[in-house]
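Structural characterization, general
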Amino acid sequence: IVRKMKFSVIIMTRNRCEDLKFTVQRFLDQTWPNKELIVIDNASEDSTPQMMKETYPDVRYVRLPDNIDVKAFNLGVALTDGDLLWRTDDDSYPQHKDMMSEIIGILDRNSDIDIIAMTECQVKRNYSLVNWYGGDIDFTRSPEGGLVSNTFFGGGAIIKRKVFDTIGGFWDFGFEELDLSTRAIINGFQIRYFPHLIFEHNASFGNRMTGWRWKQLSRQYIRYQAKYFSGFRGLGRVFQVFIYQMMIGIISFLPIKIIIEGALAMLYMAVYARNNERTPIPKHLLQQITLNKSLFKSQMTYFKNVIISRLNKKKR
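Residues numbered from 1 in each chain as written. Predicted model: local features only at pLDDT ≥ 70, side-chain atom pairs only at ≥ 80, totals over all residues. Heavy atoms only, no water.

**Description of the packing of aromatic side chains**
- One pass over the structure, following the stated rule, counts 17 aromatic pairs.
- Taking the centre distance of 4.1 Å and the plane angle of 10° together, the rings of Phe175 and Tyr221 count as stacked. One end of the pair, Phe175, is in the loop between α5 (161–167) and α6 (176–186); the other, Tyr221, is in helix α7 (residues 211–228), with 46 residues separating them in the sequence.
- Among the aromatic residues, those joined into a ring-pair cluster are Trp132, Tyr133, Phe153, Tyr193 and Phe199.
- Above the face of the Phe229 ring, Arg237 is positioned so that its terminal group lies 3.9 Å from the ring centre.
- Note that Lys293 overlies the ring of Tyr133, its terminal NZ or CZ placed 4.6 Å from the centroid. (Phe/Tyr/Trp six-rings, centres within 6.5 Å; stacked < 30°, edge-to-face > 60°. Helix = DSSP H or I, 4+ residues; strand = E, 2+ residues; numbered from the N terminus. Lys NZ or Arg CZ within 6 Å of the ring centre and 35° of its normal.)

Here's what the structure looks like:
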């Protein structure tokens, strides 16, 4: 049955015509025959519509009148009929042409897996691999059933359609992968990380922390904590994230007006999520959803990496 599965590749794009062109071709080059591609355009103002019409007339292309960001993926799901949903962006694509076939093989041997997480390869940083999982990772091989995971990288993930049919799609931009993953685990679905499955991310890594981006990430991260964690644990995590995000705003040299707006947005969202969206994680799933990792430790690791990155930049 798995061998007959169809991939629906949903590519979200906005004003990245050349990146999109390359990404579409990489997916078309996949050797697995049972696949479909759909490009959801978040109101691009460049030559994307013309390029898609002239270069890829057989690829389904939908241009939205407004930018709805990550929710464009939800729309793509509604317009496709594949059994396996490949969530990606216009600058992310599989590392080799047989990856779909390899994934089918994994699912054939592990029918209980519902979401497959992959490793990000940062093309513009000398093809460096991101160890987002933690610990000692061997990127050349994976355990037969993968590593138990609580989330996935947005640029490369395989999600069975039945997951979306059961729990719904992504919320607004900002930790949307983490939120969907938590809902999936609560509903009995299994997420596995396969380090050797690599997607290449051809992103620009300049100063991406704009005021809007910081405020949105801050409010969504607070939202996640207030929604899923109860009691003193929940309050403690909300407090930690508040301090953490404020520090990020400060070291990113954002204007004081933006930082104040972000602080108020976080406080409002904490109250709103707790009163209107509260979905406490069952105690027996806490370890699986947090992977027994300390929130404080992960935040401090982030700051360590930022400091090292800036010191290395000054040495160049």
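**Re the packing of α6 against α7**
- Where α6 meets α7, the closest approach of the two axes is 10 Å, and the angle between their N-to-C directions is 20°. With respect to each other, α6 and α7 are oriented roughly parallel. Where α6 crosses over α7, the two elements pack in a sense that is right-handed. In contact with Leu178, Asp179, Thr182, Arg183 and Ile186 of α6, α7 contributes Tyr224, Lys227 and Tyr228.
- Broken down by class, the residue content of the contact of α6 with α7 amounts to 4 nonpolar, 1 polar and 3 charged. (Axes fitted to C-alpha atoms, helices over the stretch in contact; angles between N-to-C directions. Parallel < 35°, antiparallel > 145°, perpendicular 65-115°, else oblique. Left-handed = near helix turned anticlockwise from the far one by under 90°. Contact = heavy atoms within 4.5 Å. Nonpolar A, V, L, I, M, F, W, Y, C, P; charged D, E, K, R; others polar.)

**Looking at α6**
- Among the 11 residues that make up α6, 10 are buried, leaving the element largely enclosed by the rest of the structure.
- Taken as a whole, α6 has its buried residues at Glu176, Glu177, Leu178, Asp179, Leu180, Ser181, Thr182, Arg183, Ala184 and Ile185.
- Where α6 is buried, its residues contact β4 (84–89), β6 (115–122), α5, β10 (191–201), α7 and α10 (286–290).
- Looking one or two residues beyond α6, the residue adopting positive phi is Gly188, at roughly 90°. (Buried < 20%, exposed > 50% of the residue type's maximum accessible area, 1.4 Å probe, protein only.)

**Considering the nonpolar core**
- Formed by 41 residues in total, the largest nonpolar core has its most connected members in Phe73, Ile115, Phe152, Ile159, Phe164 and Phe170.
- The element best represented in this core is α6, accounting for 4 residues.
- Contacts of Phe152, omitting those with residues within four sequence positions, involve Arg87, Ile115, Ala117, Trp132, Ala157, Ile159, Phe170, Glu177, Leu180 and Ser181.
- Grouped together as the second largest cluster of nonpolar side chains are 32 residues, Met51, Met52, Phe194 and Leu197 included. (Core = buried A, V, L, I, M, F, W, Y, C linked by side-chain atoms within 4.5 Å.)

**What about the side chain of Ser149?**
- Along the chain, the position of Ser149 falls in the loop between β8 (147–148) and β9 (157–160).
- Excluding residues that lie within four positions of it along the chain, Ser149 makes contacts with Trp132, Tyr133, Ile185, Ile191, Arg192, Tyr193 and Leu291.

**Things to note about the packing of helix α1 (residues 17–28) against helix α2 (residues 48–55)**
- The interhelical angle for the contact between α1 and α2, taken along N-to-C directions, is 30°, at an axis separation of 9 Å. Judged on the interaxial angle alone, α2 and α1 are roughly parallel. You can see that α1 and α2 cross each other, and the crossing is right-handed. Judged by residue contacts, Cys17, Leu20 and Lys21 of α1 engage Thr48, Met51, Met52 and Thr55 from α2.
- Here the residues of the contact of α1 with α2 are counted per class, giving 4 nonpolar, 2 polar and 1 charged.

**As for a nonpolar patch on the surface**
- A surface patch of nonpolar side chains, about 420 Å² in accessible area, is lined by Ile256, Ile260, Leu264 and Leu267.
- Residue placement: Leu264 occurs in helix α9 (residues 256–276).
- By relative accessible area, Leu264 is classed as exposed at 55%. (Patch = residues over 30% accessible without salt bridge, like charges linked within 9 Å, V, L, I, M, F, W, Y side chains within 5 Å. Areas by Shrake-Rupley, 256 points an atom, 1.4 Å probe, with all protein chains shown as cover. Salt bridge = Lys/Arg side-chain N within 4 Å of Asp/Glu carboxyl O.)

**With respect to the pattern of salt bridges**
- Counted under the stated rule, the structure contains 15 salt bridges.
- Taking the shortest distance from any N to any O, the salt bridge between Arg16 and Asp91 comes out at 3.0 Å. In this pair, Arg16 is assigned in the loop between β1 (7–13) and α1 and Asp91 in the loop between β4 and β5 (92–94), connecting sequence segments 75 residues apart.
- Residue class for Arg16 comes out partly exposed when judged on its relative accessible area of 34%.
- The closest approach of N and O atoms between Glu176 and Arg87, which form a salt bridge, is 3.2 Å. One end of the pair, Glu176, is in helix α6; the other, Arg87, is in strand β4, with 89 residues separating them in the sequence.
- A single network of salt bridges, built from pairs that share partners, joins Lys6, Glu36 and Asp81.

Spatial relationships are all this shows, so hold off on functional conclusions.
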